Amino acid sequence: MLVSILRQGNFLIASIHTALDDAELLRFQQDVVAQIGKHRSRGVIIDVAALDVMDSFGSRALRDLAHASRLRGAETVIVGIQPDVAFAIVQLGMNLDVHTALDLEEGLIFLERLTTGDRRGRSTLDVLAT
Amino acid sequence: MTNGISDTTGASEHAEAHEEAKLLPELVAHLHKHRTELREEWSNRITESHLLSSMTPQEITSETISVYDNYVEVLETGSVEALQRYARDLSERIIPRGVETHEVVSIVLLLRDVLARSLFEKYQDDFGLLGRVLDAYEPAANRIANTVAVSFVDERERVIRQQQEAIRELSTPVLQVRERLLILPIIGVLDNQRASQLTEQLLHGIRTHRAKVVVIDITGVADVDEPVANHLVKTVDASRLMGAIVIITGLSSEIAQTLVTVGVDLSKMYTIGDLQGGIEEAEKLLGFKVSRSVDS
């Protein structure tokens, strides 16, 4: 496994340390979705702070991962997106339709709020506001 | 300064070249000798033409003395470097006083005319000699005028560039008003370049301040065009990717109309009427409660 996936209570924490190629990304996607079932996780945090670039395939893979995880019963938060990466994603018109947070710490707080009470499927803004 | 002889006839060429070499020193000696009266004449012409009205008579006197001396020196040595330095120095002093380009050019041309007039007077009896003197004088004088004007404009442009730089640095402050709450007041014209600078500063500001909510206040922006509006929307999206919510406040009615007309996707924009409302909303999002103390 190229990305370590750690279990933290009800959540999974996966941090990507190096740029992954397309095959590795798909493999990672499958791993996470499989681990959700194994650990009965309610949330997934993906830390991409180490990535300086993200192409359209990468961001689509992350989005697909988030959607697949939701089908398996876990909400996903992407954390640590670098400023330049954030703007590049928007600039390229890639619609990263997932929850995001500043860093791992924020992501954990966010998931706690999201999974306690019935806030699944709400927008990031709603979760923050309630 | 010996290029004025090319059209003279072959027989007298040698003798005239010799004379030519002596002409310039003679000319310079003449200008040295009549320094005071020529300079005064020049000063008077400047005052008559209502130039340099922003400077005092004393200042004009001292500047004209040094310009005159520099001028003659360049005629003598043919080296414009010293003059270039002086002109740059002078420009640095007089630009903040509001001296215009046309004034500087006029002044140098006036000096050129005054000196030429005095040469006319001196050599009026010998027309051939006068022609050769002017051949020696004119290219040098033109070069001086050129140098001074270019130095002045260069200096002016340098000042403008410096100011633009300063404005650019000041133009998009990212300020923290509460823990994890940033505000970005934008005042003035929001063009493409400034918009992208804003994005960069905002995204890095979010990271360094660990911001959760950002209020962008555009009360001071008169109008935005479509690319800038789209850029704003992208900035909001990028901020969201970094885990921050952006609230935009102070949208003028014109801007609101523009955004609707150009069809910018506003569904993701979180807008509130004024800055106060925006900050109150942000505080609510962050769980701050502001209350007035009892005794005030």
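Everything below is about the structure shown above.
What you see as residue numbers is a count from 1 along each chain, following the sequence as written. Labels follow written order: the first chain is A, the first ligand is 1, and so on. Whole-chain, interface and lining totals are the exception, using all residues; otherwise, since this is a predicted model, local features are given only for residues with pLDDT of at least 70 and side-chain atom pairs are given and counted only at 80 or more.

Caption draft 1: Representation of the interface of chain B and chain A. We call two residues in contact when their backbone-placed C-beta atoms lie within 7 Å. Contacts between chain B and chain A engage 14 residues on the former and 16 residues on the latter. Comment: elements are numbered from the N terminus, with helices defined as DSSP H or I runs of at least four residues and strands as E runs of at least two. Those elements that place two or more of their residues in the side of chain B that touches chain A are helix H7 (192–209) and helix H8 (226–241) of chain B. Of the residues in the side of chain B that touches chain A, the class split is six nonpolar, three polar and five charged. Following the grouping adopted for this structure description, the nonpolar residues are Ala, Val, Leu, Ile, Met, Phe, Trp, Tyr, Cys and Pro, the charged ones are Asp, Glu, Lys and Arg, and the polar ones are all others, Gly among them.

Caption draft 2: Local environment of helix H10 (residues 275–286) of chain B. All names here are of chain B. Here, expected helix span is obtained from the residue count minus one, scaled by 1.5 Å. Between its first and last C-alpha, H10 extends 16 Å over 12 residues, near the 16 Å set by a 1.5 Å rise per residue. Among the residues of H10, those classed as buried are Gly278, Ile279 and Ala282. Looking straight down H10, one finds that the buried residues subtend no more than 95° of arc, so they occupy a single side. Elements in contact with the buried residues of H10: strand S1 (175–178), strand S2 (181–187), strand S3 (213–220), strand S4 (245–249) and strand S5 (270–272). Directly beyond the C-terminal end of H10, a positive phi value near 85° is found at Gly287. Each residue is classed by its C-beta neighbour count within 10 Å, where at least 20 other C-beta atoms makes it buried, 12 or fewer makes it exposed, and intermediate counts make it partly exposed; the C-beta atoms are placed from backbone geometry. Comment: arc refers to directions from the helix axis out to C-beta atoms.

Caption draft 3: Focus on the packing of helix H3 (residues 83–91) of chain A against H7(B). In this description, a line fitted to the C-alpha atoms serves as the axis of each element, helices being fitted only across the stretch in contact, and the angle between N-to-C directions of two axes falls anywhere from 0 to 180 degrees. Relative orientation of the contacting elements H3(A) and H7(B) amounts to 130°, with a least axis distance of 9 Å. Classified by the angle between their axes, H3(A) and H7(B) sit oblique to one another. For the pair H3(A) and H7(B), the crossing hand works out as right-handed. Of H7(B), the residues touching H3(A) (which contributes Pro83(A), Ala86(A) and Phe87(A)) are Thr199(B), Leu203(B), His204(B) and Arg207(B). For the contact of H3(A) with H7(B), a count of residues per class yields four nonpolar, two polar and one charged. Roughly parallel refers to an angle under 35 degrees, roughly antiparallel to one over 145, roughly perpendicular to one between 65 and 115, and oblique to any angle outside these ranges. Definitions for this section: a left-handed crossing has its near helix turned counterclockwise from the far helix by less than a right angle. A right-handed crossing has that turn clockwise.

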